2 protein chains.
Amino acid sequence: MNTTRTYSVKGMSCGHCEGAIHSELAEIEGVADIVVSAQTGRLTLTTEPNLDDSDVVAAVEEAGYTASRS
Amino acid sequence: MNTTRTYSVKGMSCGHCEGAIHSELAEIEGVADIVVSAQTGRLTLTTEPNLDDSDVVAAVEEAGYTASRS
């Protein structure tokens, strides 16, 4: 059963930023759905329940942005 | 002998935007150097003197932005 969690992401300014974050998150096993918006600075993930937050935060940092669970 | 020309570009918000424009312009034969800044909205090209402005404008549009010679 997947669950949904929300993060705030700092630094996104355009669709390219959204795409960079989406690409990194898509590589994480257990991530089923990704919704990311530069306009709202919100990232919503549907994932396996035991996915580690630190993996999400690290992936967003890999893309060049900062995420925190909200 | 190459010449330098400057354009104003609307819509760039980040380094990804700069990169998208740079990639399109790099495909144009006769373009020797490209400097593009989201912060200033300025694009400076060093090119062969007979390069057609419309080719530059079209390449920037291809990337999703609007350029005008300034």
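The name that an unreviewed UniProt entry assigns to chain A is Heavy-metal-associated domain-containing protein, with the source organism given as Nesterenkonia salmonea.

Trainee: Would you mind going over the UniProt feature "domain: HMA" (unreviewed entry) in chain A in detail, with residue names and values included?
Mentor: Here, the residues flagged by UniProt with the feature "domain: HMA" (unreviewed entry) are residues 3-68 of chain A. Helix makes up 35% of residues 3-68 of chain A and strand 36%. Its end C-alpha atoms lie 17 Å apart.

Trainee: Help me get a handle on the relation of the copies chain A and chain B, residues and values and all.
Mentor: Of the transformation placing chain A onto chain B, the axial shift is 0.0 Å and the rotation is 180 degrees, giving an RMSD of 0.0 Å. Taken together, the rotation angle and the small translation identify this as a two-fold axis. Most of the interface of chain A is mirrored in chain B: 100% of its interface residues are interface residues there too.

Trainee: Let's hear about the pattern of salt bridges: which residues, and what values?
Mentor: All names here are of chain A. Taken as a whole and assessed by the stated rule, the structure comprises four salt bridges over all chains. One salt bridge connects Asp-53 with Arg-5, and the closest N-O pair in it is separated by 2.9 Å. Taken together, the residues span a long stretch of sequence, with Asp-53 in helix α2 (residues 53-63) and Arg-5 in strand β1 (residues 3-10) at a distance of 48 residues. Judged by relative accessible area, Arg-5 falls into the buried class, the value being 5%.

Trainee: Mind laying out the side chain of Thr-47 of chain A, listing which residues take part and the relevant values?
Mentor: Residue and element names in this part refer to chain A. Inspection of the secondary structure assignment puts Thr-47 in strand β3 (residues 42-47). Looking at Thr-47, the relative accessible area reads 0%, which means it is buried. A distance of 3.4 Å separates the side chain of Thr-47 from the side chain of Arg-5, its partner in a polar contact. In this structure Thr-47 touches Asn-2, Thr-3, Arg-5, Gly-30, Val-31 and Ala-32, once residues within four positions along its chain are discounted.

Cut-off values and rules
Residues numbered from 1 in each chain as written. Chains lettered and ligands numbered in written order. Predicted model: local features only at pLDDT ≥ 70, side-chain atom pairs only at ≥ 80, totals over all residues. Heavy atoms only, no water. UniProt positions renumbered as here; feature names shortened; annotations may be inferred. Helix = DSSP H or I, 4+ residues; strand = E, 2+ residues; numbered from the N terminus. Least-squares fit on C-alpha atoms with pLDDT ≥ 70 in both. Contact = heavy atoms within 4.5 Å. Salt bridge = Lys/Arg side-chain N within 4 Å of Asp/Glu carboxyl O. Buried < 20%, exposed > 50% of the residue type's maximum accessible area, 1.4 Å probe, protein only. Polar contact = N/O pair within 3.5 Å; in protein donor to acceptor, adjacent residues only side chain to side chain.

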